[in-house]
Every structure is written in structure tokens, then in C-alpha cells.
Amino acid sequence: MQPELADAPFLQACRRERPDHTPVWFMRQAGRALPEYRKLREGIAMLDACRAPDMIAEITLQPVRRFGVDAAILFSDIVLPLVAIGLDIDIVPGVGPVVGEPVRDRAGLAGLRPLGAGDVDYVTEAVGILVRELGATPLIGFAGAPFTLASYLVEGGPSRTHLHTKALMYSDEALWHDLLDRLADISAAYLATQVAAGASAVQLFDSWVGALDEADYRRYVMPHSAKVLGSPALAGVPRIHFGVNTGELLSAMGEAGADVVGVDWRLGLDEATRRIGPDRAVQGNLDPAALFAPPAVLEEKVRDVCARGAKAPGHVFNLGHGVMPETDPGVLARVVEIVHDQ
Ligand code: 1CP
């Protein structure tokens, strides 16, 4: 890794060193909030965009050019490796991932074969292009965590309650662990491919794991997330672990092997740090809806996140969840300015 990249503020904050400014990027910074994204995607299905190296690279670069954020995140989706091993999944506009045949029994496990690097050549190629284009700006690779992937597979699509998922988890624990173990291997392989191609950090998204209490998290989920985060291929890069509504799980999510724990907007970063402990940095945590507040209210909230984050051993500024499509890109640019000014 070239020295300017190794010393990028984002990577310094992940390593709990003190960079000269607080680094900032936004979950879902590439996407429908950007007119240049909407234009490029016209008439092209989401999964086709995720399999075209030039398109992946261009969409990943758009927010870096526009906002001067401190990190890029690969344009892809958490279900992509599942599509790559042949599962019947589509990403439906306005809905999200929809699974042709939900996985609810042993027969359903048969389709979950391991992911080989050759299954996602287009990702390897896109990361190669991006590393050259980005220079000293780090690229974050990502994957879905076993629980969140399992939720889509078992429910058949997005769910508010995760009822089928929890019912399976409680009623057939052996099948559950087999399912999550296979998903852990797939996530780890997907992340390893991105790191081997040049990604300088990874984020494991367990977006929906906040649906569980801590005891269930530790019993049914944590060993599998730990398997991904502990995988030897990731040892050289910072590992970020994020979920929504995880205030009660933060300490356990740190123990699962993360270097940086992502925090949603429901809990101040000072209290989050108290729960997570001094050995990990935090990432977050402006409410994405605060981007719709009047400028003075927004500024006060951004400064408050920075002030609380300064009490953590390392802080990467982000939203508490993804950018909403209705967001004004000018407001995101303003947030970057305020954070860099601190
Ligand atoms: O046509 C479109 O523009 C579809 C919208 C879209 C986009 C832009 C989807 C469908 N996925 C993505 C890209 C994406 N997905 C990124 C891009 C990189 C960036 O952040 O800029 C990332 C990191 C993801 C990861 C992802 N996909 C997560 C984890 C992050 C999170 O937001 O919690 C999840 C849960 C998904 C599933 C998914 N894919 C798409 C949607 C709308 C959803 C959520 C559906 C639901 O509510 O369950």
C-alpha cells in the first residue's frame, strides 16, 4: 500500500490513531440521491449494474468526486454473492432483494455452495480499476453478515418482523447453524476477494440483527459473524461491523472481532463507546432524517455527533443508516464541510 493511502485519515481513525481531521463517508453515498447515478442507471437493472466493472467503478467514484468524502464504498449489494452462486434472487425497484424460493428446510441449503473468486470476476476487475483511480482515498469492501443474509433467504424478501427467520432459528437450531455457517463462508470469501483485489477496509453489514436480544445474538449469530470477521484473509485491514437498532448489542458486536463498531442514531457515541470499550473505534451516527432539518438544526446535530465521537478512541463520521433517496446532495456536501471543519 502506498504511504499516502496507509496514512489516510479514514484508516488512521479505524486504527485509533488521531488523524488531522475527522474522516467522513456515508452509507449509501452512491445511489438514488445523486442525479448522475440516476442518469447512469436509466434502463439498467440493479444486478446488471453490479456485474459491469466500468459501471461499478463509475458509480463508486461519483460521491467521491462530488463530496470529497474520505472513503469510497464499492457499489454492489449484500445479495450479490448469493446471486453469483446461482440463487434465484432479484433486486426489485422500490422493494429490495426478492428470493424466488425461500430457504426454510434442509433441501434449501443444497443451493448454498461456496463462493469462488472466479464467481465474481467483475468485482475483482472493478476493484482493480478503483484502486488505480482512487489513489490515496481508501476503498471499503463490504458483505452482508450471516443473520441479515439469512433473513432475506428465509423470509423471501424484506421483512419488518423477521418472523420466519426467528421461527426457524428457534425450531431447528442445527439447521439454523448450518445455514449461517454456509453464509459465513460465502461472506468471508466475498470480502477476501475484495481485499485481495486491493480494498483497504471492509464493512460487515448486519443491518437487521437489532431484531434480536443479546442472549439470542450471542447464541445464534455471534459465532458466525466472528467466523467472518476472524477470517485470516482480512487480518491486514480494518473491519467495521454495523447494524441498525443495535444499542443493546454493541458490546457483543465489538467482541465478534470488529476494529470499528458502527452505531445507529439512537444512542450517543459517548454512551456507545462506554458500552463498546476502549479497544475499538466507532462509526456514525447522524440520523439520516436530520439531513431534512433546517441548516442551523442540522449543523448543531453534526457538531454534537463530532463532540461525542471525540470521546471515542477513534471516530469515523457517518450517518446512523443509509442516505435516503430524497436527500438533497447539497446538504451532504455541507455535512462534509462541517465535519472537516471541526
Ligand atoms: O435501483 C437501485 O438504485 C436500488 C437501490 C439499491 C442500491 C443503490 C439497492 C437495493 N442496493 C443498493 C446498493 C448498495 N447496497 C450499497 C452501495 C454502496 C453504498 O453504500 O453507496 C450497499 C452498501 C448496499 C448494502 C445493502 N443492501 C444492505 C446493507 C446496508 C443497509 O442499508 O442496511 C442491505 C440491507 C441491502 C439490501 C437491499 N438492497 C437494495 C435495497 C433497497 C435493500 C434494502 C431492502 C430492505 O429494506 O430490506
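A. Here's a closer look at the layout of surface pockets. Quantified by volume, the largest pocket comes out at close to 1700 Å³. Lining the largest pocket we find 46 residues, and of these Arg28, Arg32, Asp77, Val95 and Gly96 sit closest to its centre. At the level of secondary structure, the elements contributing two or more residues to the lining of the largest pocket comprise α3 (35-41), β2 (89-92), β3 (96-99) and α9 (146-155).

B. Region of interest: the site of the ligand. The full set close to the ligand counts 25 residues, and Arg28, Tyr37, Tyr152, Ser207 and His321 are the nearest of them. Within the side chain of Arg41, one N or O atom sits 2.8 Å away from an oxygen atom of the ligand. Relative to its unbound accessible surface of 880 Å², the ligand loses 88% to contact with the protein. Mapping the ligand onto the cavity grids shows that it belongs to the largest pocket. Within the residue set of the shell around the ligand, elements represented by two or more residues are α3 and β3. Residue composition of the shell around the ligand, grouped by class: 16 nonpolar, 5 polar and 4 charged.

C. Just empty space enclosed by the protein, in detail. Applying the stated criterion to the full structure yields 1 cavity of 30 Å³ or more. In this structure, the largest cavity occupies an estimated 40 Å³ of space. As for the largest cavity, its lining consists of Leu5, Val131, Leu134, Gly135, Thr137, Pro138, Leu139, Gly198 and Ser200. Taken together, the residues of the lining of the largest cavity break down into 5 nonpolar, 4 polar and no charged.

D. Geometry of unusual backbone geometry. Cis geometry marks the peptide bond from Gly284 to Asn285, where omega comes out at -10 degrees. Relative to the elements of secondary structure, Asn285 occurs in strand β8 (residues 281-286). Residues other than glycine seldom take positive phi values, yet Arg28 does so here, at roughly 60 degrees. Tracing the backbone shows Arg28 in the loop between α2 (9-14) and α3.

What counts as what
- Residues numbered from 1 in each chain as written.
- Predicted model: local features only at pLDDT ≥ 70, side-chain atom pairs only at ≥ 80, totals over all residues.
- Heavy atoms only, no water.
- 1 Å grid on protein atoms, 1.4 Å probe; cavity = no way out; pocket = protein on both sides within 12 Å on 5 of 7 lines; lining within 4 Å.
- Points joined across faces, edges and corners; volume = space filled by probe spheres on them.
- Helix = DSSP H or I, 4+ residues; strand = E, 2+ residues; numbered from the N terminus.
- Near = heavy atom within 4 Å.
- Polar contact = N/O pair within 3.5 Å; in protein donor to acceptor, adjacent residues only side chain to side chain.
- Areas by Shrake-Rupley, 256 points an atom, 1.4 Å probe, with all protein chains shown as cover.
- Sits in = over half its atoms within 2 Å of the grid points.
- Nonpolar A, V, L, I, M, F, W, Y, C, P; charged D, E, K, R; others polar.

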